[in-house]
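Tertiary structure, described
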Amino acid sequence: MNKTIIIAFVILFYSCNENRKVETENTQKNQKKEKKLISNVRGTWICHNNKGFKILEIESNSNVSYSEFVDRKALIDSIKKERYWLYNSKAKLDFVDSTRISILTDKYRFDYKINKDTLIEYDKMGNQDKLIKVK
């Protein structure tokens, strides 16, 4: 009886240690992959067009800022009471895979495809704006 309990305990202990080893290896692989991806997207990205501008600054996963300015007159003929819209927010970077990222602000989520020095904003309606890396 005692031998059975000891054997069960040893098997349980060994399997727990093996799981920790696999988790540690996976964590290390993910950290290396994340560092490579961060270096590809770290910097300042800008989109400027007749509607306004967007500025996305990425320092790290948790240190991101997003700013957008829109002139509503450029979008519609009649000027509403609030012609201009300015949005600033701290944000977080979320990796989808090596070719796509998401930016999570306090109110919105923006999805981007990575194409060298260009981030292509996309949603369910298709491609939207392009942000160019300037720094």
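Residues numbered from 1 in each chain as written. Predicted model: local features only at pLDDT ≥ 70, side-chain atom pairs only at ≥ 80, totals over all residues. Heavy atoms only, no water.

**Concerning the side chain of Ser89**
This is how it is decided: Helix and strand definitions here come from DSSP, where helices need a minimum of 4 consecutive H or I residues and strands a minimum of 2 consecutive E residues; each element is numbered from the N-terminal end. For each residue, the accessible area found with a 1.4 Å probe, counting protein chains only, is set against the maximum for its type, and the residue is called buried under 20%, exposed over 50%, and partly exposed in between. Nitrogen and oxygen atoms within 3.5 Å of one another constitute a polar contact, given that in protein one can donate a hydrogen and the other can accept it, and given that sequence-neighbouring residues count only through two side-chain atoms. Contacts are assigned to residue pairs with any non-hydrogen atoms lying within 4.5 Å of each other.
Considering the arrangement of structural elements, one finds Ser89 in strand E4 (residues 84-97). A relative accessible area of 8% places Ser89 in the buried class. Within the structure, Ser89 has its side chain in polar contact with the side chain of Asp106 (distance 3.0 Å). Look past the residues within four positions of Ser89 in its chain and what remains in contact with it is Val64, Ser65, Tyr66, Thr105 and Asp106.

**Here's the deal with the nonpolar core**
Using the following cut-off: In this text, buried Ala, Val, Leu, Ile, Met, Phe, Trp, Tyr and Cys residues form a nonpolar core when linked through side-chain atoms within 4.5 Å.
Counting 19 residues, the largest nonpolar core has Leu56, Ile58, Leu93, Ile101, Ile103, Tyr112 and Leu119 as its most contacted members. Listing elements by their share of this core, those giving two or more residues are helix H1 (2-41), strand E1 (43-49), strand E2 (52-58), strand E3 (64-71), E4, strand E5 (100-104) and strand E6 (109-115). At four residues, the largest contribution of residues to this core is made by E4. Setting aside its immediate chain neighbours within four residues, Leu119 contacts Trp45, Leu56, Ile101, Tyr112, Lys113, Ile114, Asp129, Lys130 and Leu131.

**Things to note about the pairing of E4**
To be explicit about the condition: Strand pairing requires that DSSP identify at least two bridges connecting the strands.
Pairing geometry for E3 and E4, over eight bridges, is antiparallel. Its bridge partner being in E4, Tyr66 is matched across the sheet by Ser89. Both E4 and E5 contribute to a ladder of five bridges, which runs antiparallel. When the bridges of E5 are listed, Phe95 appears paired with Ile101.

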